[in-house]
Structures are given as structure tokens and as C-alpha cells.
Amino acid sequence: MRVILAPMEGVVDDLMRDILSTINPYDLLVTEFVRVVDQLLPEKVFLKLCPELLNQGKTPAGTPVRVQLLGQEPQCMAENALRAIELGSHGVDANFGCPAKMVNRSNGGAVLLQYPDSIYAIVRAMRQAVPQSQPVTAKIRLGYEDKSLFMENALAVYEAGATELAIHARSKVDGYKPPAYWEYITEVRQRLPIPVIANGEIWNRNDAERCMAITGCDSIMIGRGAISLPNLADTIKTGAAPYTWAQTLELMLSYTQRELTGRKSDYYPARIKQWFSYLNRQYPEADTLFRELRIHKTTAEIVRVLATAQQDLASVSGQ
């Protein structure tokens, strides 16, 4: 089986990919999307979003990274796909799943699920531009306003020559509300001869096993669950015990130290709060601490709160 980290815009950047691939045996990581409009983008755009390209397309832990593109113009998508490959990306992925209103208003992401012919044209152009030895993949949802075109979109991706297809088992309108409709993935997997990757509502090892049993897929993609439980992929692949709150808090402090020395340090208060908002699902202690973090706006205040929480936890453990 394979476990793949989903592309999560504004969440899974190169630092997060580094941290999560260090503590998990991921098979593949997919980047946040590179927005393609009407031109071949300069190399610096790819390197900024995916600095792993300077390390043979791998994280420091050695996990391969695949660049994802989002756009609607086939030739531009093709040209940028080839550039990503030439820079060292392990294959290239097309985004047909992003539900963001701003993206959809620009005819990108999930809005294209209304037009299977456009999906076909984009994937076909990318496939023709990229060497056959390199994977060309796509990620879709089950539809835009409804799920009526789910099979037509899946077939469009396959017939255009894609290597594999990841399916987030919800429509754009469904957003991220449970449930995920895994049974639709089952139908696609039975119809398509290429690998199908199941995505949606996988929060723990039991969810992963149920998803694979229902869909018949041997590859899964995890997104919000990977942030909620930092070593989720390890629990799924090896049966490792889920991280304790103490381990997770230590990880948060390690993340803090690295974020504050990185290029996104100005965004640290918002980003650590964002991560804690995901941790709430797994750890009651995170919810309690998040209530305190929310009122603070400065980096110094937040770091102090986290350090105090770790000291208090160590004090209790030592009693």
C-alpha cells in the first residue's frame, strides 16, 4: 500500500513537508499548487514553492515530492509541466479539486469538473509534453454542484493518458463536511485500469482500513488527518502508536524554532494557530491550549504560552 500526503493550500509548505516526512514513511508528497495562467513561469516560482527541487526533488528525509499545477489553458499547463519535470519534480499533478472561490472564479480547480472535455484537453497536453517515463497524475473531486459527472471526469483523466488518479470523495459543494462518499471511488476503481488513490475523511488507521476495504484501493491520500495526528501515516503503514500529546507539543515547539528562522516567520502566529485548530480533533489538550493562544497576536507571547505548557506537562509527568 501507499500513503500520499495531499496538497493542502496554505498548510503543507516545504517546512511542513520536511517535518511530516521525517516522522512518517510517506511514499509521496504533493505540493501546494503552482498557479498557471497564460505563460511559462520562471524557475524561481517553482523553486520558491518547492525548494526540494534543489535536492533532486526530495525532502531531507528522502521522500519524493511532486509539483502540482492549477490552470485551465492546456498549452500553458503543458509547458509548465515540462518545466517542473526538468527541474526535478517526481512527476507532475493537475489540480481539478480546489474549492476556493477565488480559484474557481478564475476557471481553475473544481470548476473544471463541469467540463470533462476541458479536463481531457489539459491532461492530454501535459501527457504529450512530459517524457513517458515521468508520471502525469490528476486530483479531482466527485463533482462541482453535484456528482453527476464523476465517472465522465474520471474517464477523461484516464483517456487523456494520466498515470493515476486521486479522488477526493466529495463534491465542491460538499466542501469538507462529512461524510466522504467512498463508494463512488469504488465504481471508478472498478472501471479504470490505472491506479486510483482514495482521499477524504481518513483520520486514523481504522478509517484507512475501512476506506481501502470499501474502495478496493491500495493507495490512499491523507490531508487534514495528517495535520490532526502528526504521525498518522506511520500509524497506518507500520501500526505505530499515535503520538501522545507530549510528543505532539514537543513537535510544535520544534516547528516553532524552525519557522521563526525561516522566510515565513512573519506569518508564524497565524500558522501555529492554524495547526492547533487541526490538532483539536485529536487532542483535548490542544483545544484547551488553543483557547489561550487565540487571544495572543505576537510571536513572543505565543512562544511563551507553548513553552509554559511544555514545562507544566513535564512537571506533572515528573510527579
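Residues numbered from 1 in each chain as written. Predicted model: local features only at pLDDT ≥ 70, side-chain atom pairs only at ≥ 80, totals over all residues. Heavy atoms only, no water.

A.B. asks: I'm lost on the sheet that holds strand 8 (residues 219–222) in this one. Help?
C.D. replies: The strands that make up a sheet pair up through hydrogen bonds in the backbone, lying either parallel or antiparallel. Taken together, the 8 strands give a closed barrel; going around it, the order is 1-2-3-4-5-6-7-8, and neighbouring strands pair in parallel fashion. The sheet shows a mean angle of 30 degrees between the axes of neighbouring strands, taken without regard to direction. Judged from the 3 bridges that link them, strand 3 (residues 65–70) and strand 4 (residues 92–96) form a sheet pairing that is parallel. When the sheet's bridge partners are listed, Val67 is paired in strand 4 with Val92. Against the sheet, helix 1 (residues 14–23) contacts strand 1 (2–5), strand 2 (28–35) and strand 3, and its axis sits at roughly 170 degrees relative to strand 2. (Pairing = 2+ DSSP bridges. Helix = DSSP H or I, 4+ residues; strand = E, 2+ residues; numbered from the N terminus. Axes fitted to C-alpha atoms, helices over the stretch in contact; angles between N-to-C directions. Contact = heavy atoms within 4.5 Å.)

A.B. asks: I'm lost on empty space enclosed by the protein in this one. Help?
C.D. replies: A water-sized probe rolled over the atoms picks out the places where empty space is left. One pass over the structure, following the stated rule, counts 2 cavities of 30 Å³ or more. Within this model, the largest cavity holds a volume of roughly 70 Å³. Every residue along the wall of the largest cavity is listed here: Ile4, Leu28, Val30, Arg66, Asp93, Thr137, Ala138, Glu164, Leu165, Ala166, Ile197 and Met221. Within the residue set of the lining of the largest cavity, elements represented by two or more residues are strand 2, strand 5 (136–143) and strand 6 (164–171). Counting residues per element, the lining of the largest cavity draws most heavily on strand 6, which supplies 3 residues. (1 Å grid on protein atoms, 1.4 Å probe; cavity = no way out; pocket = protein on both sides within 12 Å on 5 of 7 lines; lining within 4 Å. Points joined across faces, edges and corners; volume = space filled by probe spheres on them.)

A.B. asks: Which parts of the structure should I look at to understand the layout of surface pockets?
C.D. replies: Estimates place the volume of the largest pocket at around 580 Å³. If you go around the largest pocket, you meet 31 residues; those closest to its centre are Pro7, Met8, Arg141, His168 and Tyr176. At the level of secondary structure, the elements contributing two or more residues to the lining of the largest pocket comprise strand 2, strand 5, strand 6, strand 8 and helix 9 (224–228). Sorting elements by how many residues they give to the lining of the largest pocket places strand 5 first, with 3 residues. Taken together, the residues of the lining of the largest pocket sort by class into 16 nonpolar, 8 polar and 7 charged. (Nonpolar A, V, L, I, M, F, W, Y, C, P; charged D, E, K, R; others polar.)

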